[in-house]
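Next come the chains, spelled out residue by residue.
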Amino acid sequence: MKNRIPVVLLACGSFNPITNMHLRLFEVARDHLHQTGMYQVIEGIISPVNDNYGKKDLVPSHHRVTMARLALKTSDWIRVDSWESEQAQWMETVKVLRHHQNQLLRSATQMEGLDPGKAPSDRAAAPELKLLCGADVLKSFQTPNLWKDAHIQEIVEKFGLVCVSRAGHDPKRYILSSPILCKYQHNIQLAREPVLNEISATYVRRALGQGQSVKYLLPDAVIAYIKNHGLYMTDNSQKGRSTQGN
Amino acid sequence: MDKVEKTEVVLLACGSFNPITNMHLRLFELAKDYMDGTGKYRVIKGIISPVGDAYKKKGLIPAHHRVIMAELATKTSCWVEVDTWESLQKEHHQEKLEAGHYNQQQNSPVQEKPGRKRKWTEQRQNSTQKKPPEPNPKGVPKVKLLCGADMLESFGVPSLWKSEDVTHIVADYGLICVTRAGSNAQKFIYESDVLWQHQGNIHLVTEWISNDISSTKIRRALRRGQSIRYLVPDLVQDYIQKHDLYSTESEDRNLGVTLAPLQRNTGEAES
């Protein structure tokens, strides 16, 4: 019986705040990978960005991490990881991928160490870590100075992308218009989300700032947290700083 | 403090709710924010009224499941509840508002119907006891039909609605229609004499955050073993899974059967 390749999905982003749409990305990506017959998704990781990213309206990372944790309470396969947000500096996505890849290798080695009697053929393949994103991120590869070319290459060559479609974006076109992406398109999985879902965190923040309801757009526990801590009461929760490039 | 008397409003949503989704629930939130925001209205309650099995829509699963899912979905809501009256009827009443069920609830707080939740009538009764019994038209909550653009457009489907029923709904009750940005709702109102005449009673609410979670897509995803997580409340998803509600077989229910209102209205026209 052919063994499926175990996969871990990593999503990086502001998660400011986390919404049902973010959570859907994981579900859609997992369904897609399973449907190919080649993969078995074993874990999902949400990695909220460091405060020093400098994005406008970014609330402190401990809030964003806690909200993600609350949102994931009822998920049995997705977890939040605060490593990226706890670093002294903002770091490029590829470095976050490298860190988590090392973590996975380390725990895989530890597992093997615990059971030396297992024959090599019995050992499951080491999990592949893939970057989970929306089509807007794929498009952002084209923005000058936002990503280093070498990093884009490493991401698609060494790791792989799972890209969930979003309204108004044509991921195939982005791939075709980039030589690097074209070369490694076999490592880019395009998943379709049939449900048009534009729950952007930007809209959510605006609605909150205007005192409107966001119920059913994010988990109840996250909404309660936002209310209890008075987050996103105005449109500018933090002074905007100049955004740094990748 | 402004002393403007606000009209109390009850939002009533009718439909298959097969199953209920986060999008249905959002309709209530959007409509409430809009009505409260006009300064003229105060939304005091939302009612979900799942259609009865006699509606004969393709893929419609038994009403008791749909009612339970709606109740699970509104568990965490302090103002939206489920009404089972329509779902218990042996025959389908397209003119449900005409049937006077909700009208009676408005004016006679002690009316009770089998299977009806008492909460709403009790509230009504309490409030009339507290206030002096003076005729106050603004004191009676107005029931308004909450819907999406598809229902507005369904008014134009031949034999689905009687024209006098459509008139009755827009003239005596009113519509709150939540639509996606760029929809044809305004055009549709313009092209219908009845709707145009009563446009003051039709509120169009724009849904800027597109949230296209149709029940049809949910059922399709379930048949294909795909996840519906975060598209419906967790309790609803658990219930669907536990009872294995949607399948190819369930989707074929009422296959080839004419929708109840079409059958009735076409039959009457021919007789």
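Residues numbered from 1 in each chain as written. Chains lettered and ligands numbered in written order. Predicted model: local features only at pLDDT ≥ 70, side-chain atom pairs only at ≥ 80, totals over all residues. Heavy atoms only, no water.

An unreviewed UniProt entry lists chain B under the name Nicotinamide-nucleotide adenylyltransferase, with Heterocephalus glaber as the source organism. Taken verbatim from the UniProt record of chain B, the Sequence similarities (unreviewed entry) comment is "Belongs to the eukaryotic NMN adenylyltransferase family." Note on chain B: under the UniProt heading Subunit (unreviewed entry), the record states "Homohexamer. Interacts with ADPRT/PARP1." (UniProt positions renumbered as here; feature names shortened; annotations may be inferred.)

As recorded by an unreviewed UniProt entry, chain A carries the name Nicotinamide-nucleotide adenylyltransferase and is attributed to Heterocephalus glaber. If you open the UniProt record of chain A and go to Sequence similarities (unreviewed entry), you find "Belongs to the eukaryotic NMN adenylyltransferase family." Heading Cofactor (unreviewed entry) of the UniProt record for chain A holds this comment: "Mg(2+)".

**Student:** Sorry if this is basic, but what is going on with the layout of surface pockets here?
**Tutor:** Residues and elements named next belong to chain B. Computed from the structure, the second largest pocket encloses a volume of approximately 1100 Å³. Around the second largest pocket sit 42 residues that line it, and Gly 15, His 24, Lys 57, Asp 150 and Met 151 are the ones nearest its centre. Of all the secondary structure elements, the ones that give two or more residues to the lining of the second largest pocket are strand E1 (7-15), helix H1 (22-37), strand E4 (142-148), helix H6 (149-154), strand E5 (175-180) and helix H10 (215-223). Here the lining of the second largest pocket takes five residues from H6, the largest share from any one element. (1 Å grid on protein atoms, 1.4 Å probe; cavity = no way out; pocket = protein on both sides within 12 Å on 5 of 7 lines; lining within 4 Å. Points joined across faces, edges and corners; volume = space filled by probe spheres on them. Helix = DSSP H or I, 4+ residues; strand = E, 2+ residues; numbered from the N terminus.)

**Student:** When you look at the interface of chain B and chain A in this model, what are you seeing that I'm missing?
**Tutor:** Many analyses report the size of an interface as the accessible area lost when the parts associate. Contacts between chain B and chain A engage 23 residues on the former and 22 residues on the latter. On the chain B side of the interface with chain A, the three residues burying the most area are Arg 26, Ile 209 and Tyr 230 of chain B, jointly 30% of the side's total. The interface formed by chain B and chain A contains zero salt bridges. Taken together, the links from chain B to chain A amount to twelve residue pairs in polar contact (both at pLDDT 80 or more). (Contact = heavy atoms within 4.5 Å. Buried area = accessible area lost by both parts, 1.4 Å probe. Salt bridge = Lys/Arg side-chain N within 4 Å of Asp/Glu carboxyl O. Polar contact = N/O pair within 3.5 Å; in protein donor to acceptor, adjacent residues only side chain to side chain.)

**Student:** Can you walk me through the packing of aromatic side chains in this structure?
**Tutor:** Aromatic ring pairs are described here by two measures, namely the spacing of the ring centres and the angle between the planes. Residues and elements named next belong to chain A. Counted under the stated rule, the structure contains six aromatic pairs over all chains. Plain terms: the ring middles of Phe 26 and Trp 77 are 5.9 Å apart, the flat faces sit at 75 degrees to each other, and that makes the pair edge-to-face. Residue Phe 26 is found in helix H1 (residues 20-36), and its partner Trp 77 is found in the loop between helix H2 (61-71) and strand E3 (78-80); the two are separated by 51 residues along the sequence. Assessed through its relative accessible area of 1%, Phe 26 is described here as buried. According to the relative accessible area criterion, Trp 77 is buried, its value standing at 8%. Seen in terms of ring centroids, Phe 141 and Trp 147 are 4.8 Å apart; in terms of plane orientation they differ by 90 degrees. Their pairing is edge-to-face. Trp 147 shares its class with Phe 141; the two are buried. (Phe/Tyr/Trp six-rings, centres within 6.5 Å; stacked < 30°, edge-to-face > 60°. Buried < 20%, exposed > 50% of the residue type's maximum accessible area, 1.4 Å probe, protein only.)

**Student:** Quick question: what am I supposed to make of helix H7 (residues 163-173) of chain B here?
**Tutor:** Since there are 3.6 residues in each turn of an α-helix, residues three or four apart along the chain are aligned in direction. Taken residue by residue, H7 of chain B has Asp 165, Val 166, His 168, Ile 169, Val 170 and Tyr 173 of chain B as its buried positions. A positive backbone phi angle near 120 degrees is found at Gly 174 of chain B, which sits one or two residues after H7 of chain B.

**Student:** Can you walk me through the pattern of salt bridges in this structure?
**Tutor:** Any two side chains of opposite charge can pair, on the condition that their charged atoms come close. All names here are of chain A. One pass over the structure, following the stated rule, counts 20 salt bridges over all chains. Among the salt bridges present, the one from Lys 215 reaches Asp 220, with a minimum N-O distance of 3.3 Å. Among the residues examined, Lys 215 registers a relative accessible area of 14% and is labelled buried. Asp 220 sits in the partly exposed class, given a relative accessible area of 32%. Because the salt bridges share partners, they merge into one network encompassing Glu 43, Arg 79 and Asp 81.

**Student:** Which parts of the structure should I look at to understand H2 of chain A?
**Tutor:** Of the positions making up H2 of chain A, those classed as buried are Ser 61, His 63, Arg 64, Val 65, Met 67, Ala 68 and Ala 71 of chain A. Those residues of H2 of chain A hidden inside the fold are in contact with H1, strand E2 (39-48), E3, helix H3 (83-86) and helix H10 (220-228) of chain A.

**Student:** Is there a simple way to explain the sheet that holds E2 of chain A in this structure?
**Tutor:** All names here are of chain A. The six strands lie next to each other as E3-E2-E1-E4-E5-E6, forming an open sheet whose pairing is parallel. Each having just a single partner strand, E3 and strand E6 (188-191) make up the two edges of the open sheet. Pairwise comparison of adjacent strand axes, ignoring direction, gives a mean angle of 25 degrees for this sheet. With four bridges joining them, strand E1 (residues 5-13) and strand E4 (residues 128-134) adopt parallel strand pairing. Opposite Leu 10, over in E4, you have Leu 131 as the bridge partner. Across the sheet, H1 lies against E1, E2, E3, E4, strand E5 (161-164) and E6, angled at about 160 degrees from E2, the strand it touches most. (Pairing = 2+ DSSP bridges. Axes fitted to C-alpha atoms, helices over the stretch in contact; angles between N-to-C directions.)

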